[in-house]
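# A structural walkthrough
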Amino acid sequence: MMWLWNILIALLIAAVCALGGYTYRKNEAEKKIGRTEEYAKRLYDDAVRKADEYKKEKVLEAKEEILKAKAENDREKAENDKEIRDRRAEVQRNERRLLQREETLDKKADNMEARETSLNKKAADIQKMQEEAEALTEKQNAELERIAAMTQDEARQIIVERVQKEAYHDAAAMVREIETRAKEEGEKKARNIIALAIQKCAADHVAESTVSVISLPNDDMKGRIIGREGRNIRALETATGVDLIIDDTPEAVIVSAFDPVRREIARIAVEKLIMDGRIHPARIEETVEKARKEVENQIREAGENAVFETNQHGIHHELVKLLGRLKYRTSYGQNVLKHSIEVSHLAGMMAAELGADVQLAKRAGLLHDIGKAVDHEAEGTHVTLGAELARKYHESPDVVHAILAHHNDVEPQTVEAVLVQAADAISAARPGARRESLENYIKRLEKLEEIANSFDGVEKCYAIQSGREVRIMVKPDDVTDEGTKILAKEIAKRIEKEMEYPGQIRVNVIRETRSTEYAK
């Protein structure tokens, strides 16, 4: 519409210009009017033409827009109709499924009711059958009791015993499996450590007894030792506290005493008197005093050498003296000082292999039998006496604990205490390290065999290797392979409870099954 207004304005301007110029250019205006009117007409016609063209163009654009909108609307309507149809079809399908499920559930409900009725009927039948079976069982039990001549309790006891036997068998198998696994893991390393320690420390052992034999140059010396009316021998026994045994043994005098230090003093004194030749009470007292000082020096030197050999400095001088006294102390024929030194070395070597405290293990090993130096003079076991001495002379609590634990008087709480215990057993169990009287030896072997024979299923047994092992043959029909493990444990516990012995005893249970046939 703007172009119409523009044309009208242009016409108005042209008219105004024509009218204004009419006053001063009438002639020219008249001439130009025609041209202007003609030009204005052309402009008007051109404007009308353009307006019509623009109008037609816009009308066409509007029609196209209307057609596009109508087509879009039709498309959206078609899509909506399709979606509605799809949803309606889905709803119809769901309705059909729900109807089918409802029909299925109704059928199942009917079946369940029928089944419940059937089950109730069967339950009633089963109840009736069970009552009949119980009545029949009671009748059969009564008949079985009459035939077997035993009650239900007796039969139940037989079954319980059979079940117990089977459980015993299973338990033995389980114990055997567990122990086998544990041994596979630990036995090899333990053997290597112990073997290495034993190999590195191979001390010799000196067997001593409670008597000392003194050689005489001739039998006439016996009379001089006895003296007039026995005054010389009485003086010797009074001064030394020993018993001098002078019998028919040619050219020998026996010194007997439970205290090895007093026995050693008496031996040295008698030998000095024999060499000197002057034997009378005054000389005897003087010689015994010199012998006592000599033995004391030997004791001190032995203790210092033991401390130096094990590199355990800082031990109280009284403990050093007591260590030296162990040189004249024996246990089952084994020299206790040599045994203590060996235990110190063994415990130290095993502690080094295991990463434990080497110095603590060696110190505890050296002092573990210190109580044996005074057990003839004080009341109590050498374990408790040793622990009291260690506390008195300011040894560490760990050393005191190891001394108390080396014979299981208390439960070992440290690695070093266990190592001292093991080293003590190793040293004591060396072949030839200990000896005992023939009578005690035979009694120990007989006791071993007696304990083994007291168990059910044992056919025969033998104590071998000087009582270090007891070999037991069992009846294969009475003892199973798994039962041999339990039997070995029970025999070992009985031996530990009823016997006293050095080292350890191996219990070896053997089960052998033989099948014999004859070819004819």
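Above this note sits the structure.
This one's a predicted model, so the numbers in the text were calculated from it and none came from an experiment.

### Section: the overall build of the protein chain
Within the protein chain, the secondary structure is distributed over 15 helices and 8 strands. The burial tally for the protein chain puts 31% of its 520 residues in the buried class. Partitioning the contacts of the protein chain with sequence separation of at least 6, the portion at a separation of at least 24 is 63%. Looking at the protein chain as shown, the accessible area adds up to about 34,800 Å², and 52% of this sits on carbon and sulfur atoms.

### Considerations on the packing of helix 10 (residues 358–367) against helix 12 (residues 397–405)
Describing two packed helices takes the angle between their axes plus the distance from one axis to the other. Orientation of helix 10 relative to helix 12, taken along the N-to-C sense of each, is 50 degrees, at an axis distance of 9 Å. Accordingly, the angle class assigned to the pair helix 10 and helix 12 is oblique. In this structure, the crossing between helix 10 and helix 12 has a hand that is right-handed. In this structure, helix 10 uses Leu360, Arg363, Ala364 and Leu367 to contact helix 12, whose residues at the interface are Asp398, Val399, Ala402 and Ile403. Looking at side-chain class alone, the contact of helix 10 with helix 12 contains 6 nonpolar, no polar and 2 charged residues.

### Notes on unusual backbone geometry
At asparagine 311, a residue that is not glycine, the phi angle is positive and equals roughly 60 degrees. Of note, asparagine 311 is situated in the loop between helix 7 (281–310) and helix 8 (317–325). Despite not being glycine, histidine 394 shows a phi value in the positive range, around 65 degrees. Among the secondary structure elements, histidine 394 is positioned in the loop between helix 11 (382–392) and helix 12.

### Considering the pattern of salt bridges
Applying the stated criterion across every chain yields a total of 22 salt bridges. Measuring nitrogen to oxygen at the nearest pair gives 3.5 Å for the salt bridge that ties aspartate 46 to lysine 50. Of the two residues, aspartate 46 and lysine 50 both sit in helix 2 (residues 26–148), 4 residues apart, roughly one turn of that helix. Aspartate 46 sits in the partly exposed class, given a relative accessible area of 25%.

### A closer look at the nonpolar core
In this structure, Leu319, Leu322 and Leu323 are the most contacted members of the largest nonpolar core, which totals 28 residues. Those elements that provide at least two residues to this core are helix 7, helix 8, helix 9 (336–354), helix 10, helix 11 and helix 12. No other element matches helix 11, which puts 5 residues into this core. Excluding its chain neighbours within four sequence positions, the residues that come into contact with leucine 319 are Ile370, Leu389, Tyr393 and Glu395. In terms of nonpolar packing, the next biggest core, distinct from the first, is built from 26 residues, Ala269, Leu273, Ile279 and Ile284 among them.

### Notes on the side chain of histidine 368
Note on placement: histidine 368 falls in the loop between helix 10 and helix 11. Assessed through its relative accessible area of 0%, histidine 368 is described here as buried. Separated by 3.3 Å, the side chains of histidine 368 and histidine 339 make a polar contact. Those residues in contact with histidine 368 that sit more than four places away from it in its chain are His339, Ser340, Val343, Ile403, His406, Val420 and Asp424.

### Let's talk about the environment of arginine 283
Topologically, arginine 283 is positioned in helix 7. Using a relative accessible area of 15% as the deciding quantity, one classes arginine 283 as buried. Linking arginine 283 and asparagine 232, residues 51 residues apart in sequence, is a C-alpha distance of 9.7 Å. Once you skip the residues sitting within four places of it in the chain, arginine 283 turns out to touch Leu273, Asp276, Arg278 and Lys290.

### Quick notes on a negative patch on the surface
The grouping of Glu102, Glu103, Asp106, Asp110, Glu113 and Glu116 at the surface amounts to a negative patch. The partly exposed category is assigned to aspartate 110, whose relative accessible area is 49%.

About the thresholds
Here the residue numbering is sequential within each chain, running from 1 through the sequence in written order. A pLDDT threshold of at least 70 governs which residues receive local features in this predicted model, and a stricter bar of 80 or more applies before side-chain atom pairs are shown or counted, although totals over entire chains, interfaces and linings include all residues. Note: side-chain values were computed over all heavy atoms of the structure, leaving out hydrogens and water. A run of DSSP states H or I qualifies as a helix once it reaches four residues; a run of E qualifies as a strand once it reaches two. Both are numbered from the N-terminal end. Remark: exposure states derive from per-residue accessible area (1.4 Å probe, protein chains only) relative to the maximum for the residue type, with buried under 20%, exposed over 50%, and partly exposed in between. Residue contacts are counted whenever heavy atoms from the two residues lie within 4.5 Å of one another. Here the open area of atoms and residues is found with the Shrake-Rupley method and a 1.4 Å probe, where only the protein chains shown may cover a residue. Working convention: axes come from line fits to C-alpha atoms, limited for helices to the stretch in contact. Angles between N-to-C directions cover 0 to 180 degrees. When describing relative orientation, an angle under 35 degrees is termed roughly parallel and one over 145 degrees roughly antiparallel, while 65 to 115 degrees is termed roughly perpendicular and anything else oblique. Each helix crossing is assigned a hand: it is left-handed if the near helix lies turned anticlockwise from the far helix by less than a right angle, otherwise right-handed if that turn is clockwise. Each residue gets one of three labels, nonpolar for Ala, Val, Leu, Ile, Met, Phe, Trp, Tyr, Cys and Pro, charged for Asp, Glu, Lys and Arg, and polar for the others, Gly among them. We define a salt bridge as a side-chain nitrogen of Lys or Arg found within 4 Å of a carboxyl oxygen belonging to Asp or Glu. For this analysis, a nonpolar core means a set of buried residues of the types Ala, Val, Leu, Ile, Met, Phe, Trp, Tyr and Cys, connected via side-chain atoms within 4.5 Å. N or O atoms within 3.5 Å of each other form a polar contact, as long as, within protein, one can give a hydrogen and the other can take it, and as long as residues adjacent in sequence are counted only when both atoms are side-chain atoms. Candidates for patches are residues over 30% relative accessible area with no salt bridge; among them, like charges are joined within 9 Å and nonpolar side chains (Val, Leu, Ile, Met, Phe, Trp, Tyr) within 5 Å. When charges are tallied, Lys and Arg are placed among the positive residues and Asp and Glu among the negative ones, while His and the ends of the chain are skipped. Charged groups are reduced to one reference atom each: NZ for lysine, CZ for arginine, CG for aspartic acid, CD for glutamic acid.

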